[in-house]
Amino acid sequence: MNKKNVFLITGIFIANLLPLVLPAQPVLPTYNISWNSQSKHAGESMPCGGGDIGLNVWVEKGELYFYMAKSGCFDENNALLKQGRIRVKLTPNVFDGEYFKQELKLEEGYIQIDGRHNNQAASIKVWVDVFRPVIHVDVTGNTALKAEVAYESWRYTDRKSTGKANNANSYKWAPPAPVITNKDNIGFDGNTVLFYHRNRSDAPNIFDVTVKQQGLDAVKDQLYNPIAGLTFGGIMQGSNLQPAGTYTGTYMDSDFTGWKLESKKAARNHQVSIILHSAQTATAEAWRNGLQQVIANAGKQAATAWQQTRLWWKQYWQRSFIYIQPNKADTGSALWQTGRNYQLFRYMLGCNAFGNNPTKFNGGLFTYDPALTDTSLRFTPDFRNWGGGIHTAQNQRLVYFPMLKSGDYDIMKPQFDFYLRILRNAELRSKVYWGHPGACFAEQLENFGLPNSAEYGWKRPADFDKGIEYNAWLEYEWDTVLEFCLMMLETERYNGNNIQEYIPFIESCLRFFNEHYQYLAGKRGRKTLDGNGDLVIFPGSAAETYKMAYNPSSTVAGLHTVLTRLLELPPSYLNDSARNEWKLMLSRIPPISFRQFGNYTTIAPARLWERINNTECPQLYPVFPWGMYGVGKPGLDTAINTFKHDTDAIKFRSHVGWKQDNIFAARLGLTEEALQLTTQKLKNSGRRFPAFWGPGYDWTPDHNWGGSGMIGLQEMLLQTDGKKILLFPAWPSNEDVHFKLHAPYNTTVEASLVNGKLQSLTVTPAARKQDVIVLLKAE
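Draft legend 1. Molecular detail of the overall build of the protein chain. Scanning the protein chain from terminus to terminus reveals 17 helices and 30 strands. The C-alpha radius of gyration computed for the protein chain amounts to 27 Å, which stays within 12% of the reference 28 Å derived for 779 residues, consistent with globular compactness. Expressed along its principal axes, the backbone C-alpha trace of the protein chain runs to roughly 85 × 70 × 50 Å. Here the protein chain holds 779 residues, and 65% of them are scored as buried.

Draft legend 2. A look at helix H1 (residues 206-213). Here H1 lies mainly inside the structure; 6 of its 8 residues are buried. Residues of H1 that are buried: Ile 206, Phe 207, Val 209, Thr 210, Val 211 and Gln 213. Looking at the buried side of H1, the elements it contacts are helix H8 (453-456).

Draft legend 3. Layout of helix H16 (residues 671-682). Taking 1.5 Å per residue, 12 residues should reach 16 Å; H16 reaches 16 Å between its end C-alpha atoms and fits that length. Burial in H16 covers these residues: Thr 671, Ala 674, Leu 677, Thr 678, Thr 679, Lys 681 and Leu 682.

Draft legend 4. How the structure looks around the environment of Leu 574. Looking at where Leu 574 falls in the secondary structure, it is placed in the loop between helix H11 (553-567) and helix H12 (576-587). Accessibility expressed as a relative area gives 5% for Leu 574, which makes it buried. Spatially, the C-alpha atoms of Leu 574 and Trp 58 are 52 Å apart, while their sequence positions differ by 516 residues. Once residues within four sequence positions are removed from consideration, Leu 574 is found in contact with Ile 503, Glu 507, Leu 566, Arg 579 and Trp 582.

Draft legend 5. Expanded view of the environment of Gln 280. Turning to its location among the elements, Gln 280 is positioned in strand S18 (residues 267-280). The spacing of Gln 280 and Thr 747 is 467 residues in sequence and 40 Å in space, taken between C-alpha atoms. Among all residues touching Gln 280, those that are not within four sequence positions of it are Asn 225, Pro 226, Ile 227, Ala 228, Gly 229 and Leu 230. From its side chain, Gln 280 meets the backbone oxygen of Asn 225 in a polar contact 3.0 Å long. A polar contact of 2.7 Å, which involves the side chain of Gln 280, links it to the backbone oxygen of Ala 228.

Draft legend 6. Structural view of the pattern of salt bridges. Under the criterion given, the structure shown has 38 salt bridges. We note a salt bridge from Glu 44 to Arg 688, for which the minimum N-O separation is 3.8 Å. Here Glu 44 is found in the loop between strand S2 (33-35) and strand S3 (46-50), whereas its partner Arg 688 is found in the loop between H16 and helix H17 (703-717), with 644 residues between them in sequence. Bridged by salt links that share partners, the residues Glu 63, Arg 85, Arg 87, Glu 148, Glu 152 and Lys 260 form one connected network.

Draft legend 7. Up close: the packing of aromatic side chains. By the definition in use, this model includes 49 aromatic pairs. Seen from their ring centres, Trp 58 and Tyr 251 are 6.0 Å apart, and the 50° between their planes marks the pair as tilted. Within this pair, whereas Trp 58 is found in strand S4 (residues 53-60), its partner Tyr 251 is found in strand S16 (residues 241-251), the two being separated by 193 residues in sequence. The aromatic ring of Phe 256 is capped on one face by Arg 85, whose charged end is 4.9 Å from the ring centroid. When the ring centre of Trp 35 is taken as origin, the NZ or CZ atom of Arg 688, which lies over that ring, is 4.2 Å away.

Draft legend 8. Highlighting the sheet that holds strand S28 (residues 747-754). In space, the 4 strands of this open sheet follow the order S19-S27-S28-S29, with antiparallel pairing throughout. Of all the strands in the sheet, the pair left with one neighbour each is strand S19 (321-324) and strand S29 (757-764). Between one strand axis and the next, the sheet turns by 15° as a mean value, whatever way the strands run. Across 7 bridges, S28 lies against S29 in antiparallel orientation. What sits directly across from Ser 752, in S29, is Ser 760.

Draft legend 9. Main features of the pairing of S18. Bridge analysis of strand S10 (residues 134-153) against S18 gives 8 bridges, and the strand direction is antiparallel. Paired with Asp 138 across the strands is Gln 271, a residue of S18. Direction of pairing for strand S15 (residues 230-238) relative to S18: antiparallel, over a ladder of 9 bridges. Bridged to Thr 231 within S18 is Ala 279.

Draft legend 10. Seen up close, the state of the cysteines. By the definition in use, this model includes 0 disulfides. For the unlinked cysteine Cys 351, the closest cysteine sulfur is that of Cys 48, found at 6.7 Å. Cys 485 takes part in no disulfide bond, and the closest cysteine sulfur, belonging to Cys 509, lies 3.9 Å away. Classification of Cys 485 by relative accessible area gives buried; the value is 0%.

Draft legend 11. Representation of the packing of helix H7 (residues 409-434) against helix H10 (residues 503-524). Packing of H7 against H10 leaves a shortest axis separation of 11 Å and a crossing angle of 20°. One finds that H7 runs roughly parallel with respect to H10. For the pair H7 and H10, the sense of crossing is left-handed. Judged by residue contacts, Tyr 419, Leu 420, Leu 423, Glu 427, Ser 430 and Trp 434 of H7 engage Phe 505, Ser 508, Phe 512, His 516 and Tyr 519 from H10. Its residues assigned to classes, the contact of H7 with H10 shows 7 nonpolar, 3 polar and 1 charged.

Draft legend 12. Main features of the sheet that holds strand S24 (residues 611-612). Spatially, the 3 strands line up as an open sheet ordered S20-S21-S24, and their pairing is antiparallel. Sheet topology places strand S20 (540-542) and S24 at the edges, where each strand pairs with a single neighbour. Bridge count for strand S21 (residues 546-549) against S24 is 2 bridges, and the pairing is antiparallel. The partner of Lys 547 across the bridge, within S24, is Arg 611.

Draft legend 13. Structural context of unusual backbone geometry. Residue Pro 701 is bonded to the preceding Thr 700 through a cis peptide linkage, with omega at -5°. Here Pro 701 shows up in the loop between H16 and H17. Between Thr 764 and the following residue, Pro 765, the backbone shows a cis peptide bond with an omega angle of 0°. Structurally, the position occupied by Pro 765 is in the loop between S29 and strand S30 (772-777).

Draft legend 14. Summary view of the side chain of Asp 114. By the secondary structure assignment, Asp 114 is in strand S8 (residues 110-117). This buried residue, Asp 114, is left without a salt bridge; Lys 101 holds the nearest opposite charge, at 5.9 Å. Among the polar contacts listed, one links the side chain of Asp 114 to the side chain of Ser 123, at a separation of 2.4 Å. Leave out the neighbours within four places in its chain, and Asp 114 touches Phe 95, Tyr 99, Phe 100, Lys 101, Ala 122 and Ser 123.

The rules behind the values
- Residues numbered from 1 in each chain as written.
- Predicted model: local features only at pLDDT ≥ 70, side-chain atom pairs only at ≥ 80, totals over all residues.
- Heavy atoms only, no water.
- Helix = DSSP H or I, 4+ residues; strand = E, 2+ residues; numbered from the N terminus.
- Rg over C-alpha atoms; globule rule 2.2 N^0.38 Å.
- Buried < 20%, exposed > 50% of the residue type's maximum accessible area, 1.4 Å probe, protein only.
- Contact = heavy atoms within 4.5 Å.
- Expected span 1.5 Å × (residues − 1).
- Polar contact = N/O pair within 3.5 Å; in protein donor to acceptor, adjacent residues only side chain to side chain.
- Salt bridge = Lys/Arg side-chain N within 4 Å of Asp/Glu carboxyl O.
- Phe/Tyr/Trp six-rings, centres within 6.5 Å; stacked < 30°, edge-to-face > 60°.
- Lys NZ or Arg CZ within 6 Å of the ring centre and 35° of its normal.
- Pairing = 2+ DSSP bridges.
- Axes fitted to C-alpha atoms, helices over the stretch in contact; angles between N-to-C directions.
- Disulfide = S-S within 2.5 Å.
- Parallel < 35°, antiparallel > 145°, perpendicular 65-115°, else oblique.
- Left-handed = near helix turned anticlockwise from the far one by under 90°.
- Nonpolar A, V, L, I, M, F, W, Y, C, P; charged D, E, K, R; others polar.
- Lys, Arg positive; Asp, Glu negative; His and termini not counted.

This is how it looks when you write it as structure tokens:
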């Protein structure tokens with residue numbers, strides 16, 4: 001027997017462990033990213049943000065630049081537009097001298113830039129108010145300086161979008177008409193620069209086009225529409241600033257116009273603020289009135305804003321952390337980088353804690369000029385591959401699952417509420433197309449809940465089912481929504497959240513499967529269930545990979561787990577009628593299917609399928625996310641066989657992008673494989689900012705790459721099975737680590753492993769110590 005694969009059960013709880021002695025915070029500053037030279041371009045930028053705003057910050061040729069992005073700013077074509085670019089120049093220019101430093105200070109969530117030239121020195125602090133949509137640029141010098149601050153925009157004019165440029169919006173490769181990115185309204189307003197984009201109402205937008213394409217005009221007035229009247233932008237201002245004219249130029253591949261403010265007089269201190277606002281309003285004037293209210297509120301809170309923001313970030317870092325090799329930092333070690341980059345990526349996720357829209361998997365709030373990711377894509381900074389308003393659930397889930405163990409339940413709310421807003425639209429699809437209840441969420445859907453028009457297909461057979469995407473990858477793939485149902489349920493189990501508002505959503509998603517597959521069976525024959533009284537899930541889809549599947553294991557496991565968890569909720573959540581309905585449905589979920597590879601029994605992707613379209617591994621979805629198999633659970637050997645001997649699983653294996661193999665390995669207790677795959681995911685990206693991974697299969701920074709890395713690392717350190725808490729189920733005992741993670745039932749676990757020994761363990765509440773089992777792999 002290989003000793004490396006033997007679990008050492010070191011005890012339910014080690015009573016003589018000392019209280020945790022390693023402090024939680026001193027390690028974090030060692031993860032700050034610090035640069036002593038300026039950047040060559042936006043691709044060497046540093047992320048900064050808070051609330052629902054993200055900035056890409058860099059200094060180039062002695063001038064400070066940053067792109068601004070705000071959650072939910074979708075134009076008529078459903079592109080997620082930037083808020084523009086800010087340029088700051090100081091005179092005398094201390095950044096043209098002998099000393100330069102730019103540092104992301106994680107603990108307090110800001111960037112500091114220092115420069116010195118000929119005994120003149122200055123610092124710039126760039127930060128975003130977590131609680132109000134305000135960006136701050138604070139300049140401090142040892143002598144009086146003049147400041148020049150400019151708002152630059154490539155959307156000073158209408159821009160025609162052609163070819164691959166449309167991958168940034170919802171039309172992709174199939175626009176039914178010419179696509180225009182309409183210009184913004186930009187100009188001086190007193191001593192400020194006012195800028196905003198208002199979605200036009202005098203021409204069809206993506207919502208109008210999609211509703212008509214998909215035959216839903218009869219119910220159009222009942223459909224949620226997030227595009228109509230949406231207006232977003234803001235104002236740039238400073239107490240010592242006045243207009244200084246406009247100028248033109250080109251940055252990378254985009255010509256632009258700049259609106260410049262300059263200081264009225266030289267001063268040691270300059271404060272610049274950019275205040276952003278987005279809202280659906282009847283008129284542009286109504287939006288401007290809303291902006292004035294935001295400005296007034298920010299002014300009232302100005303004296304305490306920095307302290308409030310600073311405190312929020314400190315509390316954020318104290319919720320949870322993972323420090324690898326904390327006492328022997330080695331920046332060249334991929335494993336040390338893994339711990340540091342885990343924290344960096346969590347910082348990026350924290351920048352959209354309070355957005356109305358979820359963090360996008362394909363770049364979040366931190367995309368930049370696309371040619372710096374792919375030299376063939378010479379488009380504006382608004383570009384990102386795979387769209388702005390398009391929601392791709394199988395990618396998005398990886399961004400949000402790690403927030404359970406990191407304890408970031410509040411940051412999950414934008415994703416959950418996104419689904420609540422589009423629930424009615426998904427239910428209307430089922431009613432209009434098939435005449436039965438339940439919410440049908442297709443894969444690659446718009447932010448208004450209908451399938452993306454390009455993926456739905458413009459060239460469809462006249463008699464093809466209007467409820468189905470005419471797409472070889474996406475047809476019949478609608479089980480991905482179940483993962484968000486599970487996340488909602490898990491916030492109740494982990495943190496005791498009241499999830500009553502999400503129960504109708506969860507029930508509607510389940511009802512769709514119950515109703516639709518009996519509806520389809522009734523179309524084929526007299527019986528709506530199979531000979532065992534089970535649902536016949538056909539046609540189905542095991543991810544995008546095993547198509548026209550019969551009882552796909554990913555769907556079977558998903559329905560089984562979500563129904564089980566729903567029925568485990570406290571009595572107040574479900575009345576007797578609802579409980580009986582879901583108990584009956586659970587009894588009708590078909591079993592997982594299996595297949596043989598030589599002498600090895602493995603989990604099959606489905607009972608049957610017609611073809612393979614992609615490279616996912618849904619035969620291991622019963623391991624993650626559905627948790628039917630794993631360490632300490634029945635059938636572990638079968639799941640391990642699937643990982644090790646299924647030829648498709650082996651062929652598809654990778655650490656790139658949304659690949660989940662590191663998570664599967666961790667959940668199965670395969671330490672060596674989990675370590676290799678997770679460090680490959682979370683080691684330095686190869687770009688100047690080490691957590692800007694990608695593009696993988698999507699875009700840079702690839703947030704589902706970072707999210708899947710986070711999940712895998714968490715699962716190596718802590719897993720749960722009912723009340724049981726398993727520590728170090730896939731962690732090498734010879735690697736030092738200090739972590740704090742969350743577990744179900746309002747539990748946190750903080751542990752320190754040093755030189756192969758569990759140095760300290762703190763479980764809160766203390767009564768949960770009896771549920772802890774410490775597992776370490778023998779070396």
